[in-house]
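Residue-level structural notes
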There are 4 protein chains.
Amino acid sequence: MPLKKMKRNAAASRESILKAALKEFSTVGYAGARVDNIAQAAGISKPLIYTYFGDKDAVYAAALREAYVQIRESEKQLNFENLESVEAIRSLVAFTLEHFRNNPWFIIMLNTENLRGGEAIRKIHDVEHIQSHLVRKLGEILAKGEKEGKFRAGIDPVELYVFIASVCYFPVSNVHTLRAVFAISLDDAWLDSHGKRAAEFVVRYLRPL
Amino acid sequence: MPLKKMKRNAAASRESILKAALKEFSTVGYAGARVDNIAQAAGISKPLIYTYFGDKDAVYAAALREAYVQIRESEKQLNFENLESVEAIRSLVAFTLEHFRNNPWFIIMLNTENLRGGEAIRKIHDVEHIQSHLVRKLGEILAKGEKEGKFRAGIDPVELYVFIASVCYFPVSNVHTLRAVFAISLDDAWLDSHGKRAAEFVVRYLRPL
Amino acid sequence: MPLKKMKRNAAASRESILKAALKEFSTVGYAGARVDNIAQAAGISKPLIYTYFGDKDAVYAAALREAYVQIRESEKQLNFENLESVEAIRSLVAFTLEHFRNNPWFIIMLNTENLRGGEAIRKIHDVEHIQSHLVRKLGEILAKGEKEGKFRAGIDPVELYVFIASVCYFPVSNVHTLRAVFAISLDDAWLDSHGKRAAEFVVRYLRPL
Amino acid sequence: MPLKKMKRNAAASRESILKAALKEFSTVGYAGARVDNIAQAAGISKPLIYTYFGDKDAVYAAALREAYVQIRESEKQLNFENLESVEAIRSLVAFTLEHFRNNPWFIIMLNTENLRGGEAIRKIHDVEHIQSHLVRKLGEILAKGEKEGKFRAGIDPVELYVFIASVCYFPVSNVHTLRAVFAISLDDAWLDSHGKRAAEFVVRYLRPL
DNA sequence: AATGAATGAGGGTTCATTCAT
DNA sequence: TATGAATGAACCCTCATTCAT
């Protein structure tokens, strides 16, 4: 009975800890996270966390991996099969921005891990495999567009992805400081129009000549 | 003897606390920062921090403000007076990237503050004034380029700045996670070439038609 | 082995904290009390105090309540069933004085709480119930004596209790200042004779005419 | 120019410290008092307190003495010259109650000193002299009343004073705990009527037969 | 006579972690 | 498998006191 929710079930406990941990770390960062909060949110006792994971660091590492797994899952929704190359790029940019807007917790996990110097992610050995999906798709689009003469040649998919991610990540990640520093509202409407500009930004970069 | 470290000098003590605090917060974030470390690095006793600032939160707020002040100072080096519009833009992009590469502590301060929801920066009332320099310069370049027919019309300087900042911020801020996830080295050479691509990116965005 | 000090016994730990706290607060007052001392006297670690009570204030409130509970317990020894009215009053006065002499810690708790403006006791909702025993007894004695023509009518038991408590409380509570200010020894013998005078004091007040 | 208020005046500084100290100690007790608060209230710097008094203990001792001095001053208002003996007693009781009601800070000083075991007052060598006024007056009234046949013989003035002080001190000192424990309002009106009962109490105690 | 500058020692409280069952 | 009980180490902060002028 694999779907039945039961107590005294190791797998279920582990999973609920992981979920709670991801939520905690992606809300207040590593140093701000409390093992107590995780236990309470997971509905289990604190020692169980140590039984399953060892220490706070290990819980964090597992939560970071879980973050990537969850993000990969939601990226799977992406589908360009029937789109023309330029439209596919525009769609990818829009999707990426929406993605960050809908999953700000992932941004916090990334910032947290970078604050820690990437110590944890370096030890996750299959992380490349987990995240390669999007870049592969991007490579296909680039190849197709190039063959059709719509895109320049020589564009590296990873490098392009860094640009796309940059223009989508930054205004979401830094929303509070941007709001304070610039005389712009940075509300939903602004981000909507920013998405359109960002797509244009990328498309112009790819256009031949 | 101008190099002698003064004792019983309030202004000097305050300043050394501020410097040490900025270093501490921009290394380990707010929750990870230790008042003890700040005191030790500043070469003063812990209570003095409380005498001058009140509590950890206030020290952090002062350090955040100091971060913006220092960044403004280093941005003042920027000079486009004798540059042609397109070159000015390329130069600005290059400068911005160098800026983030040379001052990673500023990135950490921004991420830290955004993790905290912008609570502190909202209370710094002159922060807009502190940071407006760069956007003003950018506006001048855009106006000049547009008049010369080199740039499209209707580009908002703040919006453009967000793009420039994005493509310069992201690969520096997220260097550790990017390194782990993608099969790229992300070393100095990569960032150098990224800078060139980024300039091209922006220039193509501005180009008419 | 019933005398063995149990470890890992929540109820016992809580109780030992309470006892130690009552002792500490009733020795040096609230501001002078040290959580450290309480922990040490209770034979447990400091954090356990916070686990069980929350903070120093809550420990104090619990100790204050415990003070009233303990006092009520020792007041239960009182028995006037077979005593004639006047003798019952004399006995009550004597008992009350002995009570304060034997439990000076209770006086300190009361003074401490009054110094704090009664903040804690106002939140103890069953305190009236805890303390009503003595006044009820006093009411019965008054009623009986009045019916027998030995006491005046119209004496309120609470008001009378305030008088009895006053003359028993004051010389015990203020023993050190009285000793210094007046040329009297204020030793045990003095307090013994004071008790007799106090009984006379009260009886004369109740006597008809 | 002895009345002129001036800075850099040792005597004036000392006095303002004393006043501020008395206020502080008689508000929050010894352990709760803060040297900082005293300095601020006195309008002088903290080190000056140490220059003039030595340490917190010494400031407290001086404040305690000052408390007695001030109380003696306000007791000097008392005048029974033209009063008949019984009326004089009633008047004295009323005065004593008013005295405690008007000077609750004195009560707190007494409780504070008794909490400390009388350590400070024992070292104030002229305290008996300071406080003897009231008891002497009481002795005169007793002698006169006894001679007139209105009072019993053999009443010791100090012992009588303890009774009077008791019934006036207790309901003022313990107002907060009494309010919580008993179903009485203990407001100004109650204290007014309590004063009348207290006078009756004492008078009946003195009455012959 | 007076004070701004500074601190050692300790205050209450929190937190990751372990023990005992 | 799971947890209630417990704690060492540290954290932020305060306070009486001293230094240097």
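Note: the structure precedes this text.
The sections below set out a description of the structure shown in this document. Note that this is a predicted model, so its numbers are computed, not measured. (Residues numbered from 1 in each chain as written. Chains lettered and ligands numbered in written order. Predicted model: local features only at pLDDT ≥ 70, side-chain atom pairs only at ≥ 80, totals over all residues. Heavy atoms only, no water.)

Observations regarding the relation of the copies chain C and chain D
Operational definition: Each copy is superposed on the other by least squares, with the fit set by C-alpha atoms of residues at a pLDDT of at least 70 in both. Note on contacts: a residue pair is in contact if any heavy atoms of the two residues lie within 4.5 Å.
In the superposition of chain C on chain D (RMSD 0.2 Å, axial shift 0.0 Å), the rotation amounts to 179°. When the rotation and shift are considered jointly, the pair of chain copies conforms to a two-fold rotation axis. Both copies present the same face, since 98% of the interface residues in chain C are matched by interface residues at the equivalent positions in chain D.

Some remarks on the interface of chain B and chain A
The condition that has to hold: We define buried area as the total accessible area lost by two parts upon association, computed with a 1.4 Å probe and summed across both. The term salt bridge refers to a pairing of a side-chain nitrogen on Lys or Arg with a carboxyl oxygen on Asp or Glu at a separation within 4 Å. Within 3.5 Å is the distance limit for a polar contact, defined as a pair of N or O atoms, with the added protein rule that one can donate a hydrogen and the other accept it, and that residues adjacent in sequence qualify only through two side-chain atoms. Numbered from the N terminus, helices here are DSSP runs of H or I no shorter than four residues, and strands are runs of E no shorter than two.
Every contact between the two is made by 51 residues of chain B and, on the other side, 52 residues of chain A. In total, chain B and chain A occlude about 4,700 Å² of area from one another, counting both sides; carbon and sulfur atoms represent 72% of this. Broken down residue by residue, the surface that chain B buries against chain A is led by Phe163(B), Phe201(B) and Arg204(B), which jointly contribute 16%. Our count for the chain B to chain A interface comes out at two salt bridges. A salt bridge links Glu159(A) to Arg197(B); the shortest N-O distance between them is 3.2 Å. Along the contact surface separating chain B from chain A lie 10 residue pairs in polar contact (both at pLDDT 80 or more). Among the secondary structure elements, those contributing two or more residues to the side of chain B that touches chain A are α1 (10-32), α6 (104-115), α7 (127-147), α8 (157-173), α9 (175-181) and α10 (188-206) of chain B. With 12 residues, the top contributor of residues to the side of chain B that touches chain A is α8(B).

Brief notes about the relation of the copies chain B and chain A
Each of the two chain copies can be brought onto the other by rotation about an axis and movement along it. When chain B is fitted onto chain A, the two copies agree to an RMSD of 0.2 Å after a turn of 179° and an axial shift of 0.0 Å. A high fraction, 100%, of the interface residues of chain B reappear at the interface in chain A, so the copies pair face to face through one surface.

Digging into helix α8 (residues 157-173) of chain C
All names here are of chain C. Our working rule: For a helix, the expected span equals 1.5 Å multiplied by the residue count minus one. The bend reported for a residue corresponds to the angle between axes fitted to the seven residues ending at that residue and the seven starting there. In this scheme, a residue with accessible area under 20% of its type's maximum is buried, one over 50% is exposed, and one in between is partly exposed, where area comes from a 1.4 Å probe on protein chains only.
For α8, with 17 residues, the first-to-last C-alpha span of 23 Å sits near the 24 Å given by 1.5 Å per residue. Bending of α8 peaks at approximately 25° at the position of Ser 166. Of all 17 residues in α8, 16 are buried, a share of seventy percent or more. Where α8 begins, the side chain of Asp 156 points an oxygen toward the backbone nitrogen of Val 158, at a separation of 3.0 Å.

Overview of the interface of chain C and chain D
Contacts between the two partners involve 52 residues from chain C and, on the opposite side, 51 residues from chain D. Where chain C abuts chain D, roughly 4,700 Å² becomes buried across the two surfaces, and 72% of that area is made up of carbon and sulfur atoms. The three residues of chain C that bury the most area against chain D are Phe163(C), Phe201(C) and Arg204(C), which together make up 15% of that side's buried surface. At the boundary of chain C with chain D, the tally comes to two salt bridges. Counting across the interface, chain C meets chain D through 10 residue pairs in polar contact (both at pLDDT 80 or more). Those elements giving two or more residues to the side of chain C that touches chain D turn out to be α1 (10-32), α6 (104-115), α7 (127-147), α8, α9 (175-181) and α10 (188-206) of chain C.

Here's the deal with the nonpolar core
Most often, soluble globular proteins keep nonpolar side chains buried together rather than apart. Applicable threshold: Side-chain atoms within 4.5 Å are what join buried Ala, Val, Leu, Ile, Met, Phe, Trp, Tyr and Cys residues into a set we call a nonpolar core.
Among the nonpolar cores identified, the biggest contains 154 residues, and Phe25(C), Ile89(C), Leu160(C), Phe25(D), Ile89(D) and Leu160(D) are the most heavily contacted of them. Beyond its immediate sequence surroundings of up to four residues, Leu160(D) is in contact with Ile89(D), Leu138(D), Leu142(D), Ile155(D), Val202(D), Tyr205(D) and Leu206(D). Ile141(A), Leu142(A), Phe25(B) and Val158(B) belong to the second-largest nonpolar core, a separate cluster that totals 153 residues.

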